[in-house]
Amino acid sequence: MMGSATPLLSVERVSKRFRGLLAVDGVSFTVAPGDILAVIGPNGAGKTTLFNMIAGVLAPDDGTIAFAGERISGLAPDAICRRGIGRTFQIVRPFPALSVEDNVLVGALLRHHDVAAARRQAVAVLERLDLIDRRAQLAATLTLPDRKRLEVARALATEPKLLLLDEVMAGLRPTETDRMVAILAGLNRESGLTIVLIEHVMRAVMALARRVVVLHQGAAIAEGPPAAIVREPAVIQSYLGEEALA
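Not measured: the values here are computed from a predicted model.

What counts, and where the lines are drawn
- By convention here, each chain's residues receive numbers from 1 onward along its written sequence.
- Only residues with pLDDT of 70 or above have their local features reported here, since the model is predicted, and side-chain atom pairs are shown and tallied only from 80 upward, although totals for entire chains, interfaces and linings are computed over all residues.
- Hydrogens and waters are ignored; side-chain quantities use all the structure's heavy atoms.
- DSSP bridges decide pairing: two strands pair if at least two such bridges lie between them.
- Helix and strand assignments follow DSSP, with helices taken as H or I runs no shorter than four residues and strands as E runs no shorter than two, numbered in order from the N terminus.
- Between two residues, a contact is recorded if the distance between any of their heavy atoms is within 4.5 Å.
- Helix axes are fitted only over the stretch in contact, all axes being lines through C-alpha atoms; the angle between N-to-C directions runs from 0 to 180 degrees.
- Think of a nonpolar core as a cluster: buried Ala, Val, Leu, Ile, Met, Phe, Trp, Tyr and Cys residues, connected wherever their side-chain atoms sit within 4.5 Å.
- Categorising residues by exposure relies on relative accessible area from a 1.4 Å probe, with only protein chains included: less than 20% of the type maximum marks a residue as buried, more than 50% marks it as exposed, and the intermediate range marks it as partly exposed.
- For the purpose of charge, His is not counted, nor are the chain termini; Lys and Arg are scored as positive and Asp and Glu as negative.
- The salt bridge definition used is simple: a Lys or Arg side-chain nitrogen within 4 Å of an Asp or Glu carboxyl oxygen.
- N or O atoms closer than or at 3.5 Å make up a polar contact, with two conditions inside protein: a donor-capable atom paired with an acceptor-capable one, and, for residues adjacent in sequence, both atoms drawn from side chains.
- By the definition adopted for this analysis, an angle is roughly parallel if under 35 degrees, roughly antiparallel if over 145, roughly perpendicular if from 65 to 115, and oblique otherwise.
- Whether a crossing is left-handed or right-handed is set by the direction in which the near helix is turned from the far one by less than a right angle, anticlockwise for left-handed and clockwise for right-handed.
- For this scheme, ten residues count as nonpolar: Ala, Val, Leu, Ile, Met, Phe, Trp, Tyr, Cys and Pro. Four count as charged, namely Asp, Glu, Lys and Arg, and the remainder, Gly too, count as polar.

(A) Local environment of the sheet that holds strand β4 (residues 62-67). Taken together, the four strands give an open sheet; going across it, the order is β2-β1-β4-β5, and neighbouring strands pair in antiparallel fashion. Where the open sheet ends on each side, the last strands, each with one partner, are β2 (21-31) and β5 (70-71). Relative to β5, β4 runs antiparallel, the two sharing two bridges. The residue of β5 that forms the bridge with Phe-67 is Glu-70. The strands that helix α1 (residues 47-54) touches are β1 (9-18), β2 and β4; relative to β1, the one it contacts most, it runs at about 120°.

(B) Highlighting the nonpolar core. In this structure, Val-152, Leu-163 and Leu-184 are the most contacted members of the largest nonpolar core, which totals 45 residues. Leave out the neighbours within four places in its chain, and Leu-184 touches Val-152, Leu-163, Leu-165, Met-169, Ile-195 and Leu-208.

(C) Examining the side chain of Glu-167 more closely. Relative to the helices and strands, Glu-167 resides in the loop between β7 (162-166) and α6 (174-191). No salt bridge is formed by the buried Glu-167; the nearest opposite charge belongs to Lys-47, separated by 5.0 Å. Within the structure, Glu-167 has its side chain in polar contact with the side chain of His-200 (distance 3.4 Å).

(D) Main features of the packing of helix α3 (residues 100-108) against helix α5 (residues 144-156). Close contact between α3 and α5 brings their axes to 7 Å; oriented N to C, the two are set at 30°. Between α3 and α5, the crossing angle belongs to the class labelled roughly parallel. In this structure, α3 meets α5 at a crossing whose hand is right-handed. Counted together, Val-100, Asn-103, Val-104 and Gly-107 of α3 and Leu-150, Ala-153 and Arg-154 of α5 form the full contact between these two elements. Here the residues of the contact of α3 with α5 sort into four nonpolar, two polar and one charged.

Spelled out as structure tokens, the structure:
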């Protein structure tokens, strides 16, 4: 059993190389149950590679990843999903020929082998994500904001304890960003859902995250609350740029 002091997610000195390039370089952090952590950094900093290791798409070359006190590094993605980690992808890829509801139903079938129960779970998730009025629509016909919310709905349908969000705000207008932030903050507040998000949209990071880890060239160069992180000289220089503080 996981004690109250046990982190939900523990990433310890994790590294990944591709043909000699160190994509992730000895990164360590922990995420407590119910926390919201943002991972920020420039393109090529290693953020998605880090997510792929947590989700089991890639195995780390060095270091360990533990979930709820048990080592998961090296497990297959379906085994990790079954343990309670749901994720979205940077490139939104629903099943285009299926309806919105059936896209979410596919995720719900992980926990519910009875289709009627899975459909009830899918409908509840669609209501949570403001997509219930789109339930019969083909996924291929959705606007970008709706596709982004569908991506989150598909991950949520697996009933995760930890949700990994890979740039779900990218390409959204500020009003749509705020809507997504409100949905995610509500899920965290009401169900205790733990969230780790990769995000370039600092408006969302500042509003949602309690802690931020900054990656640069594969290494974690800073960690702390968002308000402190945006004032760190190393972070400004490597990522935010002077205009961020204007």
